[in-house]
Amino acid sequence: MPLLAGILSVLALLLAAATIVGVIAPSLFRNRKTGQVPKRLSVLVWGCIAVFVAMVLAGSLVPAPPPAPATAGAAANEAASGNAPR
């Protein structure tokens, strides 16, 4: 699953770059059949939605970090190290 999360993260980065390019020059996303050029706001909104979905999917696939080792408690560590509050 970490591989798929990495792939989705890279996809989100590419979608973000495509969104920026589309806002600057929307004629690059011209429909070849009709010749229609999308509006800048439309490119921005759909690009942000696509980036958000890709990042949510990537974030849900990242494995959880390993749990921290169990200790006797914070007070025991402070007293043993000599850094207890005075």
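How each quantity is defined
- Residues numbered from 1 in each chain as written.
- Predicted model: local features only at pLDDT ≥ 70, side-chain atom pairs only at ≥ 80, totals over all residues.
- Heavy atoms only, no water.
- UniProt positions renumbered as here; feature names shortened; annotations may be inferred.
- Helix = DSSP H or I, 4+ residues; strand = E, 2+ residues; numbered from the N terminus.
- Expected span 1.5 Å × (residues − 1).
- Buried < 20%, exposed > 50% of the residue type's maximum accessible area, 1.4 Å probe, protein only.
- Contact = heavy atoms within 4.5 Å.
- Patch = residues over 30% accessible without salt bridge, like charges linked within 9 Å, V, L, I, M, F, W, Y side chains within 5 Å.
- Areas by Shrake-Rupley, 256 points an atom, 1.4 Å probe, with all protein chains shown as cover.
- Salt bridge = Lys/Arg side-chain N within 4 Å of Asp/Glu carboxyl O.
- Arc of directions from axis to C-beta.

*Asks:* Just to check I follow, could you spell out the UniProt feature "transmembrane region" (unreviewed entry) in the protein chain for this structure?
*Replies:* Feature annotation in UniProt assigns "transmembrane region" (unreviewed entry) to the following positions: residues 6–29 and 41–62. Taken end to end, residues 6–29 is 79% helix and 0% strand, and its two terminal C-alpha atoms sit 26 Å from one another. Helix makes up 95% of residues 41–62 and strand 0%, whereas the separation of the span's terminal C-alpha atoms amounts to 32 Å.

*Asks:* What is the right way to read helix α1 (residues 2–24) from this model?
*Replies:* Quick reminder: α-helices carry 3.6 residues per turn. Residues three or four places apart thus point the same way. For α1, spanning 23 residues, the distance from its first C-alpha to its last is 33 Å, which sits close to the expected 33 Å at 1.5 Å a residue. Regarding α1, the residues found buried are A5, L8, A12, T19 and G22. Looking at the buried positions of α1, the neighbouring elements they touch are α2 (40–61).

*Asks:* Is there a simple way to think about the environment of A54 in this case?
*Replies:* With respect to the helices and strands, the residue A54 is situated in helix α2. By relative accessible area, which is 6% here, A54 ends up buried. Along the chain, A54 and L15 lie 39 residues apart, while their C-alpha atoms are 8.8 Å from each other. Setting aside residues no more than four positions away along its own chain, A54 makes contact with L8, A12 and L15.

*Asks:* How should I be thinking about a nonpolar patch on the surface in this particular structure?
*Replies:* Side chains of L41, L44, V45, W46, I49, F52, V53, V56 and L57 sit close together on the surface and give an oily, nonpolar patch of about 890 Å² of accessible area. Here L41 is to be found in helix α2. The class for L41 is exposed, based on a relative accessible area of 61%.

*Asks:* Just to check I follow, could you spell out α2 for this structure?
*Replies:* Here α2 spans 32 Å end to end across 22 residues, near enough to the 32 Å set by a 1.5 Å rise per residue. Listed in full, the buried residues belonging to α2 are V43, G47, V51, A54 and A58. What you see down the axis of α2 is that its buried residues fit within an arc of 70°, all on one side. Across from the buried face of α2, at angles greater than 90 degrees, the exposed residues are L41, W46, F52 and S60. Buried-residue contacts for α2 involve α1.

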